[in-house]
Amino acid sequence: MSQDTLKLSVARAALAFVPEGKILGVGTGTTANFFIDELGKIKDRITGAVASSEATAARLRSHDIKVLDLNDVSAIPVYIDGADEINQQGTMIKGGGGALTREKIIASAADKFVCIADESKLVSTLGAFPLPVEVIPSAHALIARKLLPFGGKPILRMNGQAPYQTDNGNFILDIHQLAITNPVALENEINNMPGVVTVGLFAKRGADICLLGAAGGVKTLTFQ
């Protein structure tokens, strides 16, 4: 079974969590794109969506789904998004698509976070996928030096010959070869560095539910 088939299966399963007549938070990435395309088929069930990136907003609008600014929204019952990695506690690495800051903001505002992923994303120890850190451009070299003692290798994400820029106009350092044994402590330490916007480690606010696409069907993991 192809990875795209697994992603489509969890995207369809996630429709069961779409809040009737309310606002939905929607994430960024390939799995989220499958979900948006499925959401377009039932768009009349929601009043609108808050998008975690400009790319997601554009895809939502292509399905005539109303995109709302988070500042104009008082409640988000459910946020649905993918993960680059997720463990058995619901802690995730996110940000491969560059939207980690807005994803973290919307996740913090949502009552329930539903993660949708294929089974390859479930890991026992986080860190095989490079951990993204969004940084202020003028501080990227400083932050890279401060990240070295954690044991990984921080590399500035590039877009061709120039640094990759997020929707917020910032840069991303991807920390390679990092085994994350204490996600909450690491999230706190990196987030507290001056110059860091946010780290793509979702430990303090992880997933509540993960819909995991597997060859035998969609598995539902629930976290406390």
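Use the structure listed above.
Presented here is an overview of the structure given in this document. (Residues numbered from 1 in each chain as written. Predicted model: local features only at pLDDT ≥ 70, side-chain atom pairs only at ≥ 80, totals over all residues. Heavy atoms only, no water.)

### Focus on the packing of helix α1 (residues 3-14) against helix α2 (residues 30-39)
Thinking step 1. In contact at an axis separation of 8 Å, α1 and α2 are set at 50° when each is read in the N-to-C sense. If you check the angle between α1 and α2, you find them oblique. Handedness of the crossing formed by α1 with α2: right-handed. Residues Asp4, Lys7, Leu8, Val10, Ala11, Arg12 and Ala14 of α1 pack against Thr30, Thr31, Phe34, Phe35 and Glu38 of α2.
Thinking step 2. Partitioning the contact of α1 with α2 into residue classes produces 6 nonpolar, 2 polar and 4 charged. (Axes fitted to C-alpha atoms, helices over the stretch in contact; angles between N-to-C directions. Helix = DSSP H or I, 4+ residues; strand = E, 2+ residues; numbered from the N terminus. Parallel < 35°, antiparallel > 145°, perpendicular 65-115°, else oblique. Left-handed = near helix turned anticlockwise from the far one by under 90°. Contact = heavy atoms within 4.5 Å. Nonpolar A, V, L, I, M, F, W, Y, C, P; charged D, E, K, R; others polar.)

### Let's talk about the pattern of salt bridges
Thinking step 1. One pass over the structure, following the stated rule, counts 12 salt bridges.
Thinking step 2. For the salt bridge of aspartate 37 with arginine 59, the shortest nitrogen-to-oxygen distance reads 2.9 Å. Linking aspartate 37 in helix α2 with arginine 59 in helix α3 (residues 54-62), this pair joins segments that are 22 residues apart in sequence.
Thinking step 3. In this structure, glutamate 103 engages lysine 94 in a salt bridge whose closest nitrogen and oxygen atoms are separated by 3.5 Å.
Thinking step 4. A relative accessible area of 3% places glutamate 103 in the buried class.
Thinking step 5. For lysine 94, a relative accessible area of 2% gives the class buried.
Thinking step 6. One network of salt bridges, in which partners are shared, links Arg12, Glu38 and Lys41. (Salt bridge = Lys/Arg side-chain N within 4 Å of Asp/Glu carboxyl O. Buried < 20%, exposed > 50% of the residue type's maximum accessible area, 1.4 Å probe, protein only.)

### Re the sheet that holds strand β13 (residues 201-202)
Thinking step 1. Taking strand neighbours across the sheet as the criterion, the 3 strands line up as β4-β5-β13 in an open arrangement whose pairing is antiparallel. Since the sheet does not close on itself, it has two edges, and those belong to β4 (85-86) and β13, each with one partner.
Thinking step 2. As paired elements, strand β5 (residues 92-93) and β13 share 2 bridges and run antiparallel to each other. Note that in β13 the partner of isoleucine 93 across the bridge is leucine 201. (Pairing = 2+ DSSP bridges.)

### Describing the pairing of strand β2 (residues 48-51)
Thinking step 1. Side chains of β2 alternate between two faces, with Gly48 and Val50 and Ala49 and Ala51 buried alike.
Thinking step 2. When strand β1 (residues 23-26) meets β2, the two strands line up parallel, connected through 4 bridges. By the bridge assignment for β2, valine 26 is matched with alanine 51.
Thinking step 3. With α2 bridging β1 and its parallel neighbour β2, the resulting β-α-β unit is right-handed. (Right-handed = clockwise from strand over helix to strand, strands pointing away.)

### Section: the sheet that holds strand β3 (residues 76-81)
Thinking step 1. The 6 strands are arranged β2-β1-β3-β6-β14-β15 in an open sheet whose pairing can be described as mixed. Looking at which strands have only one partner, the edges of the open sheet turn out to be β2 and β15 (217-222). Going across the sheet, the axis of each strand differs from the next one's by a mean of 20°, ignoring polarity.
Thinking step 2. Sitting on the sheet, α3 touches β1 and β2, and the angle it makes with β2 is about 160°.

### Notes on helix α5 (residues 140-147)
Thinking step 1. What α5 keeps buried is the set Ile143, Ala144 and Leu147. Around the axis of α5, the buried residues are gathered within 105° of arc, so they sit on the same side.
Thinking step 2. Contact partners of the buried residues in α5: β7 (131-135), β8 (153-156), β11 (171-176), α6 (183-191) and β12 (196-199). (Arc of directions from axis to C-beta.)

### Focus on the packing of aromatic side chains
Thinking step 1. The tally for this structure, following the rule as stated, stands at 1 aromatic pair.
Thinking step 2. Measuring from centroid to centroid gives 5.0 Å for tyrosine 79 and phenylalanine 113, while their planes differ by 50°, and the two rings are tilted. Linking tyrosine 79 in strand β3 with phenylalanine 113 in strand β6 (residues 110-118), this pair joins segments that are 34 residues apart in sequence. Take tyrosine 79 and phenylalanine 113: they sit in the same class, and that class is buried.
Thinking step 3. Directly above the ring of phenylalanine 202 sits lysine 94, whose terminal nitrogen or CZ lies 5.7 Å from the centroid.
Thinking step 4. The lysine or arginine in question, lysine 104, covers the ring of phenylalanine 202, its NZ or CZ lying 5.1 Å from the ring centre. (Phe/Tyr/Trp six-rings, centres within 6.5 Å; stacked < 30°, edge-to-face > 60°. Lys NZ or Arg CZ within 6 Å of the ring centre and 35° of its normal.)

### Some thoughts on the environment of glycine 40
Thinking step 1. Relative to the elements of secondary structure, glycine 40 occurs in the loop between α2 and β2.
Thinking step 2. The sequence separation of glycine 40 and asparagine 191 amounts to 151 residues, and the corresponding C-alpha distance is 36 Å.
Thinking step 3. Excluding its chain neighbours within four sequence positions, the residues that come into contact with glycine 40 are His63 and Ile65.

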